[in-house]
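For reference, the chains in residue letters:
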Amino acid sequence: MTDTVAPSAVRTLQQYIGGQWTPSSASETLDDRNPATGELLARVPLGSKADVDAAVRAAAEAQVAWRRTAPQVRARALYRLRDVLDQHRDELAALVTQDMGKTLDDAAAEVGRGIESVEAAMAAPHLLKGQNLEGIGTGVDVESFRQPIGVVAAITPFNFPAMIPMWFLPFALATGNGFVLKPSEQVPLTAERYVELIEGIEEIPKGLVNLVHGAHDAVNGILEHPGIGAVSFVGAAKTARYVATRATEHGKRVQALGGAKNAFIVLPDADPKTMAGGIIGSAFGAAGQRCMAGSVAVLVGTQEQQDAQLERIVEAARALRSGPGDDPQTDVCPVVSSDARTRLVGEIDAAERDGIQVVLDGRTADPGQGQANLGPTILDGVPQGHRVATEELFGPVLSVVRAKDLDEALAFTNASRYGNSTILFTESGGAAREFRYRAESGMLGVNVGVAAPIAWMPFGGWKDSIDADLHANGEDGFRFYTRTKIVTTRWSGTSTTPTTGGMRY
Ligand code: NAD
């Protein structure tokens, strides 16, 4: 890879703290490159605990007045955010493609999903309402209130730079909190643009939203900071477990959404077109780098039926074109970096050495200028216990295992340590109902390739795909960012006998 811009001309990103763009206190940086071209886009400072501390102080200061701002007025600020994001949809999508690599269509869909989260958070005046019960004793009533945590932080992954920060930012603000965002150091540019856009919204006070770039040190700064009450995290399962453990040790509320190994179960009566289209879109869209991407197909039926299903999938996948995300002809974008491609090729090589058949070989695709393209790859004859059937590879690699019936298929999928999503393809309502009852995943799909819930519903998996009680988005978003206070009140001199009831009216 050669740099087209002189490395000295490449800017180093700044933090956004207390309404000011300021250099990080850390001198070490990482290179942020366009995966399609290898172009050096920016240098990302590896922010320090001191940067986090400054961000938390700013957020805490701004939060005092923000908490006192009426919920409907806070919701109105989100209406403004929604409009500003909507006006910049195309620009944001282009930035996602440049920084992360996915196709423009996919990036636009991601930006749209982020906007939907803002829309869902606008329901704050409704969803922050408490409950009450009158007359639990003589002159005694009880009522509940939802109050903000104070300052909350989000640590986000590389694969959805526009959508995932919005799973948290609008809900945190809607509920009256101050916010610190630490985006992935691999894709920092969308978060930076978000903050620039927020800077122009006068209804969102300066200091309320803060941006700290970095990796481990910044994350540890967040996990240890006594001024942060709640941490939202999305990333790999191992990092999620670390974040959840460390945050809990420091007395914080935490929701840590981790990795996945999502399976498709294909029954013999599945509609072939829906099945093959759904599977290839899910397994190879965004080059398999979605936490909801299916990466194991469990083909159910006789050998003949399974072979016919596989043929349909391979045929559909063969027609996909790999290339840069900004080319409208591209179906399969590059993976996030040349290092990621090297790792994935290593996984395919190792599987092949173990006797697994590579029935569609993405290693032969042109790696592109950025050395990060890997074509769609399908592995057949995968033993159910092999790591390509059980572990997340996070690339355009689909493993095929076989099962004689739905019971055997569910025994395999339910044995997974992950539980983000499982998809069933069938035309049988009875089988679908059985699947819905027995599948051990947080997000199921029937005859859809990607079962990502809309923002008005909570988003989250089970088992090692999450360390949390409350999921992201939807009503869970409101619950996670608020503490419940129950107030029991007695007033003397109030009525002790019922004034209504019985036959009086
Ligand atoms: P990652 O875990 O490498 O990074 C996520 C965040 O954690 C980044 O901000 C990074 O700076 C930080 N981080 C990474 N390693 C760390 C460490 N050792 N100590 C402290 N901080 C650390 O994840 P990624 O590669 O950016 O994202 C891909 C992963 O995210 C996949 O496993 C994918 O399944 C998962 N994911 C899950 C969901 C979900 O909803 N469950 C959604 C999207 C992505």
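Per-chain numbering applies: the sequence of each chain, read as written, is numbered from 1 onward. Only residues with pLDDT of 70 or above have their local features reported here, since the model is predicted, and side-chain atom pairs are shown and tallied only from 80 upward, although totals for entire chains, interfaces and linings are computed over all residues. Derived side-chain values reflect all non-hydrogen atoms in the structure, with water molecules and hydrogen atoms excluded from consideration.

Only runs of H or I of at least four residues qualify as helices and only runs of E of at least two qualify as strands under DSSP, and these elements are numbered from the N terminus. Scanning the protein for helices and strands turns up 16 helices and 22 strands. As defined in this context, the radius of gyration uses C-alpha atoms, and a globule is described by 2.2 Å times the residue total to the power 0.38. At 25 Å, the protein has a C-alpha radius of gyration in line with the 23 Å of a compact globule built from 505 residues. When its C-alpha atoms are laid out on the principal axes, the protein stretches across 80 × 70 × 40 Å. Among the 505 residues that make up the protein, the fraction classed as buried is 56%. To measure how exposed things are, a 1.4 Å probe is used in the Shrake-Rupley method; for residues, cover is taken only from the protein chains shown. For the protein, the accessible surface area stands at approximately 21300 Å², while carbon and sulfur atoms represent 50% of it. The charge count includes Lys and Arg as positive and Asp and Glu as negative, but it does not include His or the ends of the chains. Positions of charges follow a simple convention, taking NZ of Lys, CZ of Arg, CG of Asp or CD of Glu. For the protein, the distance from the average position of its 47 positive side-chain charges to the average position of its 60 negative side-chain charges is 7 Å. Relative accessible area decides the class of each residue, using a 1.4 Å probe on protein chains only: under 20% of the type maximum gives buried, over 50% gives exposed, and in between gives partly exposed.

What follows covers the sheet that holds strand 6 (residues 140-148). Reading across from one edge, 5-6-22 is the order of the 3 strands in this open sheet, with antiparallel pairing throughout. Here the strands that pair on one side only, and so sit at the sheet edges, are strand 5 (132-137) and strand 22 (482-490). The average undirected angle you get between the axes of adjacent strands in this sheet is 30 degrees. At least two DSSP bridges between two strands are required for those strands to pair. As judged from the 3 bridges shared by strand 5 and strand 6, these two strands associate in the antiparallel manner. Residue pairing for strand 6: L133 is matched across the bridge by V142. Helix axes are fitted to C-alpha atoms over the stretch in contact, other axes to C-alpha atoms as well, and angles between N-to-C directions run from 0 to 180 degrees.

Moving on to helix 6 (residues 163-174). In a helix, the anticipated span is given by 1.5 Å times the number of residues less one. For helix 6, which comprises 12 residues, the first-to-last C-alpha distance of 17 Å matches the rise-based estimate of 16 Å (1.5 Å per residue) to within 8%. Judged by how many residues are buried, helix 6 sits mostly within the fold: 12 of 12 residues are covered. Turning to helix 6, its buried residues are M163, I164, P165, M166, W167, F168, L169, P170, F171, A172, L173 and A174.

The assigned domain composition of the protein is domain 1 (16-258 + 465-487) and domain 2 (262-446). Residue ranges labeled as domains rest on an automatic or database domain assignment. Computed over C-alpha atoms, the centres of domain 1 and domain 2 are 31 Å apart. The quantity reported as buried area is the accessible area (1.4 Å probe) lost by two parts once they are put together, taken as the sum for both. Summing the contributions of domain 1 and of domain 2, the shared interface buries around 1600 Å²; its carbon and sulfur component is 60%. In this structure, D106 and R290 form a salt bridge, with 3.1 Å as the shortest nitrogen-oxygen distance. The term polar contact refers here to a pair of N or O atoms within 3.5 Å; inside protein, the definition further demands a hydrogen-donor-capable atom paired with an acceptor-capable atom, and it admits residues adjacent in sequence only when both atoms are side-chain atoms. Where domain 1 touches domain 2, the interface holds 6 residue pairs in polar contact (both at pLDDT 80 or more). For the side of domain 1 that touches domain 2, the secondary-structure elements that each account for two or more residues are helix 3 (89-100) and helix 4 (104-121). Salt bridges are defined as contacts in which a side-chain nitrogen from Lys or Arg sits within 4 Å of a carboxyl oxygen from Asp or Glu.

The next point concerns the packing of aromatic side chains. Any pair of Phe, Tyr and Trp rings, taking the six-membered ring for Trp, is counted once the centres come within 6.5 Å. Such a pair is stacked with planes under 30 degrees apart, edge-to-face with planes over 60 apart, and tilted for the rest. This structure, assessed with the given rule, holds 7 aromatic pairs. Between Y16 and W21, the aromatic rings sit 4.8 Å apart at their centres with planes inclined by 50 degrees, giving tilted as the arrangement. Owing to a relative accessible area of 24%, W21 belongs among the partly exposed residues under this scheme. With centroids separated by 6.2 Å and ring planes inclined at 80 degrees, the aromatic side chains of W167 and F168 adopt a geometry described as edge-to-face. Among the residues examined, W167 registers a relative accessible area of 3% and is labelled buried. Overall, the relative accessible area of 0% leaves F168 in the buried class. What links up through ring pairs into an aromatic cluster is the set W167, F168 and F459.

Structurally, T103 can be placed in the loop between helix 3 and helix 4. Residue T103 is classed as buried on the basis of its relative accessible area, which comes to 12%. Contacts are assigned to residue pairs with any non-hydrogen atoms lying within 4.5 Å of each other. Ignoring sequence-local partners within four residues, the contact set of T103 consists of T97, G325, T330, D331 and C333.

The set of buried Ala, Val, Leu, Ile, Met, Phe, Trp, Tyr and Cys residues whose side-chain atoms join them within 4.5 Å is what this entry labels a nonpolar core. Residues F179, I265 and I378 are the most contacted members of the largest nonpolar core, which totals 124 residues. No other element matches the 10 residues that helix 6 contributes to this core. Both domain 1 (16-258 + 465-487) and domain 2 (262-446) contribute no fewer than three residues apiece to this core. When sequence neighbours within four positions are dropped, the list of residues in contact with F179 reads A59, V152, A154, F168, L169, A172, L173, L208, V209 and N210. Membership of the second largest hydrophobic core comes to 24 residues, among which are V52, V231, V243 and A256.

Okay, the state of the cysteines next. What is meant by a disulfide is a covalent connection between two cysteines, made through their sulfur atoms. By disulfide we mean two sulfur atoms from cysteines, separated by a distance within 2.5 Å. Under the counting rule described, the total for this entry stands at 0 disulfides. Lacking any disulfide linkage, C291 is separated from the closest cysteine sulfur, that of C333, by 15 Å. Under the relative-accessibility criterion, C291 is labelled buried at 14%. According to the relative accessible area criterion, C333 is buried, its value standing at 1%.

All right, on to the site of the ligand then. Only heavy atoms are used to decide nearness, and a residue is near a molecule or strand if one of them lies within 4 Å of it. The local shell around the ligand holds 29 residues, among which K182, E185, T239, G258 and E392 are the closest. In the environment of the ligand, an oxygen atom lies 2.6 Å from a nitrogen or oxygen atom belonging to the side chain of E185. With the chains in place, 87% of the 830 Å² that the ligand exposes on its own is no longer accessible. If you list the elements that add at least two residues to the shell around the ligand, you get helix 6, helix 8 (216-224), strand 10 (230-234) and helix 9 (237-249). By the convention adopted, Pro, Cys, Tyr, Trp, Phe, Met, Ile, Leu, Val and Ala count as nonpolar, Lys, Arg, Asp and Glu as charged, and the other residues, Gly among them, as polar. Classifying every residue of the shell around the ligand by side-chain character gives 16 nonpolar, 10 polar and 3 charged.

Strand order in the open sheet formed by 7 strands is 14-15-16-13-12-18-19, and the pairing between neighbours is mixed. Since the sheet does not close on itself, it has two edges, and those belong to strand 14 (357-360) and strand 19 (443-446), each with one partner. When the angles between neighbouring strand axes are averaged without regard to direction, this sheet yields 25 degrees. Pairing between strand 15 (residues 377-380) and strand 16 (residues 397-403): 3 bridges, direction parallel. Looking at the pairing, T377 lines up with V397 of strand 16. On top of the sheet, helix 10 (residues 272-284) reaches strand 12 (262-266), strand 13 (294-300), strand 15, strand 16 and strand 18 (421-425); it is set at about 170 degrees to strand 12, its chief contact.

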